[in-house]
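Each chain, letter by letter, is given below.
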Amino acid sequence: MNMTHFKAALPRDLLASVVVFLVALPLCMGIAIASGMPPAKGLITGIVGGLLVGWLAGSPLQVSGPAAGLAVLVFELVRQHGMAMLGPILLLAGLLQLLAGRFRLGCWFRVTAPAVVYGMLAGIGVLIVLSQIHVMFDHSPLPSGLENLLGFPAVLGEALPVENPGNGWQAGALGLGTIAMMWGWERCKPHALRFVPGALLGVSLMTLLSIGLALPVRRVVVPDNLSEAIDWLQPVDLLALADPTLLVAAFALAFIASAETLLSAAAVDRMHSGQRSDFDRELSAQGVGNMICGVLGALPMTGVIVRSSANVQAGAKTRLSAVFHGIWLLAFVVLLGSVLQQIPVASLAGVLVFTGVKLVDLKAFRGLGRYGRMPMFTYAATALAIVFSDLLTGVLLGFALTLVKLALKAARLKISIASLEKPGHMELRLSGAATFLKVPALTQALDGVPPGTTLHVPLANLSYIDHACLELLEDWGRANAGSGSRLMIESRRLKRRVEGRLRTTGGLGA
């Protein structure tokens, strides 16, 4: 970056960085709580995402930090393996991302079917809503989405008893107030104040209200010294990676974080006309950032569309805006950490409920209908499997359905038999891909060929023919040679091989 460009971009980047900082501050803490981690862990990830990844990123205007899309996976990992094991998993996941970027595999992460990605985000959104509703009433979330759904009436009944009401209703009111503020601000904000994030506004007003009324609700716990929140990775913890379940978790984390990052980067590119994203460099930068977060015992990070879109809309021109937003996060935590300790947890849960609802993108679901019913079914099946099972199962189901669709599409084959002008000669016309899935239909067509027929089989219109279909043709030639039938394969590449095999068994006839 030359000095003239730097000076011209600096004022806009500084303004954009403040906007992104205000968006990121409540989200970093809220996502940490949703992940079953202390709020300070999310702030550390946000700082690393700004200061380090912001400088190294291949997508200059993308902002990285803790993402709601990973909250469900992290919550499950922490619940099953403990907070200490998140560091080794994240270190390995970051290394996989770094290697993927170095080997220029970034483009391959973008070939993931949109139906799977949108379904994954929708399932995650539902799980976030179901868990954070409990937090919004000052309760701890249950291990699964189904348990959270079934347990909510009890939480609501406890929060709103007819007699001797407890504190849950007060926390719930703060959470609902935050949601109402975000919803109203999104629809009615003045143009002059369009850069003020609704999440910050809602959290700030609810915090002031809770302080003014001295409400006895749970508040954010952050250490006075940020260094106290750092849990350095211990070398002995790396031995735990011998556990196959942790290896699978690291691969799943790397894949989901990479897919979300690169999809976000592609979306950011469509928002501006400046420098395009280098996906391999972005992937490597994310890997470095996640490795650092693993060493520090923080949350994983991805490129985040909410913060990135705020960055672009605020007029950012270079990567400096992402770097400065990390500086503001660090300065605020170090100098004004006591302010964070006044924020009600229920208000942050309200931010996450609102975010979770927006992840269930019904517009994207309807848009998939343009490509047929199968993408819509894949979206719904992926989301429901995540909600009622787990994240990895849902994603694998989505991929399986995508592969089934591809297999069925690739197996389309038109089969017809036509009589030729020369008596006793017919032509088996094949168009498309002849795979083992079409063996029954091909068998039925061959059964209709009269005895004593010379059957011509041109293969020019086939994009592919597999061993099963060739074997079927050869078997027909051998089986019908005694009745005077002949098989004529019209393909330079296959003719000699097929006819040679048939001649040894008399399959070519007279």
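Residues numbered from 1 in each chain as written. Predicted model: local features only at pLDDT ≥ 70, side-chain atom pairs only at ≥ 80, totals over all residues. Heavy atoms only, no water.

Asks: Just to check I follow, could you spell out the UniProt feature "transmembrane region" (unreviewed entry) in the protein for this structure?
Replies: Per the UniProt record, the feature "transmembrane region" (unreviewed entry) sits at residues 14-35, 42-63, 83-103, 115-137, 192-215, 246-268, 327-357 and 377-404. Structurally, residues 246-268 is divided into 100% helix and 0% strand, and its ends, taken at the C-alpha atoms, are 32 Å apart. End-to-end, the C-alpha atoms of residues 377-404 are 12 Å apart, and along that stretch the chain is 93% helix and 0% strand. (UniProt positions renumbered as here; feature names shortened; annotations may be inferred. Helix = DSSP H or I, 4+ residues; strand = E, 2+ residues; numbered from the N terminus.)

Asks: Looking at this structure, how should I read the pairing of strand β3 (residues 413-419)?
Replies: Here is the key point about a regular strand: its side chains alternate between the two faces of the sheet. Pairing of β3 with strand β4 (residues 425-434) involves seven bridges; the strand directions are antiparallel. Residue pairing across strands places S419 opposite M426, the latter belonging to β4. Counting the residues between successive antiparallel strands, the hairpin from β3 to β4 contains five residues, one of them, G424, with a positive phi of roughly 85 degrees. (Pairing = 2+ DSSP bridges.)

Asks: Sorry if this is basic, but what is going on with the pattern of salt bridges here?
Replies: If the charged atoms of two oppositely charged side chains come close together, the side chains can form a pair. A full pass over the atoms with the stated rule returns seven salt bridges. When the shortest N-O distance is used, the salt bridge between R104 and D280 registers 3.6 Å. Remark: D280 occurs in helix α11 (residues 279-296) and R104 occurs in the loop between α4 (86-102) and α5 (106-109); sequence separation between them is 176 residues. On the basis of relative accessibility, which here comes to 57%, the residue R104 falls in the exposed class. By relative accessible area, D280 is classed as buried at 11%. As a salt-bridge pair, R187 and E186 come within 3.3 Å of each other at their nearest N and O atoms. Through salt bridges with shared partners, one network takes in E186, R187 and K358. (Salt bridge = Lys/Arg side-chain N within 4 Å of Asp/Glu carboxyl O. Buried < 20%, exposed > 50% of the residue type's maximum accessible area, 1.4 Å probe, protein only.)

Asks: Sorry, what's going on with empty space enclosed by the protein here?
Replies: Once rolled over the atoms, a probe with the size of a water molecule shows which space is left empty. Evaluated as defined, the whole model comprises one cavity of 30 Å³ or more. Lining the largest cavity, in full, are T112, V116, V117, M120, F255, A259 and V395. For the lining of the largest cavity, the element with the highest residue contribution is helix α6 (residues 114-136), accounting for three residues. In the lining of the largest cavity, the residues fall into six nonpolar, one polar and no charged. (1 Å grid on protein atoms, 1.4 Å probe; cavity = no way out; pocket = protein on both sides within 12 Å on 5 of 7 lines; lining within 4 Å. Points joined across faces, edges and corners; volume = space filled by probe spheres on them. Nonpolar A, V, L, I, M, F, W, Y, C, P; charged D, E, K, R; others polar.)

Asks: Sorry if this is basic, but what is going on with the packing of aromatic side chains here?
Replies: Each aromatic ring pair is summarised here by two numbers: the centre-to-centre distance and the angle between the ring planes. Enumeration over the complete set of coordinates arrives at five aromatic pairs. For the pair F324 and W328, a centre-to-centre distance of 6.0 Å together with 15 degrees between the ring planes defines the contact as stacked. With a gap of four residues between them, F324 and W328 both fall in helix α13 (residues 320-335), about one helical turn apart. (Phe/Tyr/Trp six-rings, centres within 6.5 Å; stacked < 30°, edge-to-face > 60°.)

Asks: Sorry, what's going on with helix α10 (residues 244-269) here?
Replies: An α-helix turns once per 3.6 residues; consequently, residues spaced three or four apart project the same way. End to end, α10 covers 38 Å across 26 residues, agreeing with the expected 38 Å (1.5 Å per residue, within 8%). With 19 of its 26 residues buried, α10 lies for the most part within the structure. (Expected span 1.5 Å × (residues − 1).)

Asks: Explain the environment of L200 here, please?
Replies: Along the chain, the position of L200 falls in helix α9 (residues 198-212). Residues L200 and M181 lie 19 residues apart in sequence; the distance between their C-alpha atoms is 9.7 Å. Contacts of L200, omitting those with residues within four sequence positions, involve L22 and P26. (Contact = heavy atoms within 4.5 Å.)

Asks: Quick question: what am I supposed to make of the nonpolar core here?
Replies: A general tendency of soluble globular proteins is for nonpolar side chains to be buried together. The biggest cluster of nonpolar side chains holds 92 residues, and the ones touching the most others in it are L25, M29, L43, M120, L340 and L391. Sort the elements by how many residues they give to this core and helix α1 (residues 3-34) lands first, with 13 residues. Contacts of L391, omitting those with residues within four sequence positions, involve L73, M120, I124, I256 and I386. M426, L459, L470 and I489 belong to the second largest nonpolar core, which has 21 residues in total. (Core = buried A, V, L, I, M, F, W, Y, C linked by side-chain atoms within 4.5 Å.)

Asks: Explanation requested: the packing of α9 against helix α15 (residues 345-359) in the structure shown.
Replies: The interhelical angle for the contact between α9 and α15, taken along N-to-C directions, is 155 degrees, at an axis separation of 9 Å. Considering their axes alone, α9 and α15 lie roughly antiparallel with respect to each other. As α9 packs across α15, the resulting crossing turns out to be right-handed. Contacts between α9 and α15 involve A199, G202, V203 and M206 from the former and S347, L348 and V351 from the latter. Class assignment of the residues belonging to the contact of α9 with α15 gives a composition of five nonpolar, two polar and no charged. (Axes fitted to C-alpha atoms, helices over the stretch in contact; angles between N-to-C directions. Parallel < 35°, antiparallel > 145°, perpendicular 65-115°, else oblique. Left-handed = near helix turned anticlockwise from the far one by under 90°.)

Asks: Help me out: how do you make sense of the side chain of S347 in this one?
Replies: Topologically, S347 is positioned in helix α15. Apart from the residues lying within four places of it in its own chain, the contact partners of S347 are G175, T178, G202, V203 and M206.

Asks: Would you explain unusual backbone geometry in this entry?
Replies: Negative phi is the rule for most residues except glycine; trans is the rule for most peptide bonds. Its identity as a non-glycine residue notwithstanding, D138 has a phi of 60 degrees, on the positive side. Within the secondary structure, D138 is located in the loop between α6 and α7 (145-159). A positive phi angle is found at A214, which is not glycine, with a value near 50 degrees. Note that A214 resides in the loop between α9 and α10. With relative accessibility at 60%, the residue A214 sits in the exposed group.

Asks: What should I look at first to understand the state of the cysteines in this one?
Replies: Disulfide: a covalent bond connecting the sulfur atoms of a pair of cysteines. Tallied over the entire structure, the rule returns zero disulfides. With no disulfide of its own, C293 lies closest to C28 among cysteine sulfurs, the gap being 10 Å. (Disulfide = S-S within 2.5 Å.)

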